[in-house]
Amino acid sequence: MENVPAGFPATSMVWQGISDFSAGAIGGTACVFAGQPLDTVKVKLQTFPTMYRGAFHCLTQTVREERLQGLYSGTVPALAANIAENAILFTFYGLCQKVVQYASGVDNVNNLSSLQSATAGSMAAFFSSIGLCPTELVKCRLQAIKEMAAEGKVATANIGPWGMTKQIVRQEGFRGLFQGMTSTWAREMPGYFFFFGGYELSRSLLTPAGKTKDDLGPMRLIVCGGIAGSCLWGSIYPIDVVKSRIQVYSLAGRQAGFIAVFLQILRNEGVRALFSGIGPCLIRTFPANGALFIAYEYSRKNLLQFGESLGL
């Protein structure tokens, strides 16, 4: 992701930051609408792996019992989570690219290697995780609330995003919104190293001779986004399972820490449980991350053009 599209004059860093923030928010919105149904299936399989025979059974059972809207449980907090995460992530990604550029002595962020861009992405994920954790906590709990009620872990499944947020604060205090913060950092920082590394490397490989990475069309961006998402989830999926367990099961009482939950899953359910739901997750990554990067790249380019036309 170049700091300024090829051929553009230098744009103020303030407007670049605004452009990154806005484009990240737009990209996060596109990502949710493209991938939410399969994300719901993923979370259900992660937290209740023995309740369903597989992804297709989970999908059809959810539609049968909760109708199509059941696949969009947690969409409001998912939107909040993705908008917050991606707006912060891409803003800090641009800033961290500058830091890596300065530390490595590279003359321009355009000349950063895929490894250096991956490092900047990992650094940016530290900051985006802080905005992501509370909203994803609410999303995960809403996605698995029916299963929690069916097992008698909660009294009712009739609760919305705002009601869930108030319940968390009332029962667990403000700190309760950050259940799973450590596992979120453990997931996001290495995950986004591979995410941005995979994205930048695939963009370089798919750029036709004589053109720049900014010339890639929608289909190639979808492929690059899918590769980026596959790199992310393939590298950190077991961590995401542990995070989901901590966030969902804490609805019925405070959970143990990351290491304790990880060892508990291994001891009681085996290694296979750490990969529950990975199928729909990997399928989801191409449309979801393809939509993310198409929305991000095009909206950012238009915002930079607009800022340049105003002399910013």
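Residues numbered from 1 in each chain as written. Predicted model: local features only at pLDDT ≥ 70, side-chain atom pairs only at ≥ 80, totals over all residues. Heavy atoms only, no water.

1. Section: the side chain of S128
Structurally, S128 is set in helix α4 (residues 114-143). Since its relative accessible area comes to 0%, S128 is described here as buried. (Helix = DSSP H or I, 4+ residues; strand = E, 2+ residues; numbered from the N terminus. Buried < 20%, exposed > 50% of the residue type's maximum accessible area, 1.4 Å probe, protein only.)

2. Focus on the UniProt feature "repeat: Solcar" (unreviewed entry) in the protein
Using the residue numbers shown here, the UniProt feature "repeat: Solcar" (unreviewed entry) corresponds to residues 15-99, 112-205 and 216-302. Helix makes up 82% of residues 15-99 and strand 0%. Its end C-alpha atoms lie 18 Å apart. (UniProt positions renumbered as here; feature names shortened; annotations may be inferred.)

3. Quick look at the packing of helix α1 (residues 13-47) against helix α10 (residues 278-309)
Remark: α1 packs on α10, axes separated minimally by 7 Å, with the N-to-C direction vectors making an angle of 165°. Taken together, the axes of α1 and α10 lie roughly antiparallel to each other. Considering the relative orientation of α1 and α10, their crossing is right-handed. Along the lines of polarity and charge, the residues of the contact of α1 with α10 split into 21 nonpolar, nine polar and five charged. (Axes fitted to C-alpha atoms, helices over the stretch in contact; angles between N-to-C directions. Parallel < 35°, antiparallel > 145°, perpendicular 65-115°, else oblique. Left-handed = near helix turned anticlockwise from the far one by under 90°. Nonpolar A, V, L, I, M, F, W, Y, C, P; charged D, E, K, R; others polar.)

4. Concerning empty space enclosed by the protein
Going through the model one piece at a time under the given rule, you end up with three cavities of 30 Å³ or more. Reported here for the largest cavity is a volume of approximately 320 Å³. Along the wall of the largest cavity there are 25 residues; nearest its centre are N82, E85, Y192, W233 and R284. At the level of secondary structure, the elements contributing two or more residues to the lining of the largest cavity comprise α1, α3 (75-104), α4, α7 (181-206), α8 (218-249) and α10. Classifying every residue of the lining of the largest cavity by side-chain character gives twelve nonpolar, five polar and eight charged. (1 Å grid on protein atoms, 1.4 Å probe; cavity = no way out; pocket = protein on both sides within 12 Å on 5 of 7 lines; lining within 4 Å. Points joined across faces, edges and corners; volume = space filled by probe spheres on them.)

5. Observations concerning the layout of surface pockets
When its volume is computed, the largest pocket comes out at roughly 290 Å³. If you trace the largest pocket, you find 14 residues lining it, with P49, Y52, R272, S276 and G277 closest to the centre. Among the residues making up the lining of the largest pocket, the classes are represented as seven nonpolar, four polar and three charged.

6. Details of the pattern of salt bridges
Scanning the model with the defined rule gives 14 salt bridges in all. Salt-bridge contacts for K42 lead to D39; the nearest nitrogen and oxygen are separated by 3.8 Å. Taken together, the residues K42 and D39, both in helix α1 and three residues apart, mark about one turn of the helix. Among the residues examined, K42 registers a relative accessible area of 3% and is labelled buried. What makes D39 buried here is its relative accessible area of 6%. Each of D39, K42, E136, K139, R187, E188, D240 and K243 takes part in salt bridges that share partners, so that together they form one network. (Salt bridge = Lys/Arg side-chain N within 4 Å of Asp/Glu carboxyl O.)

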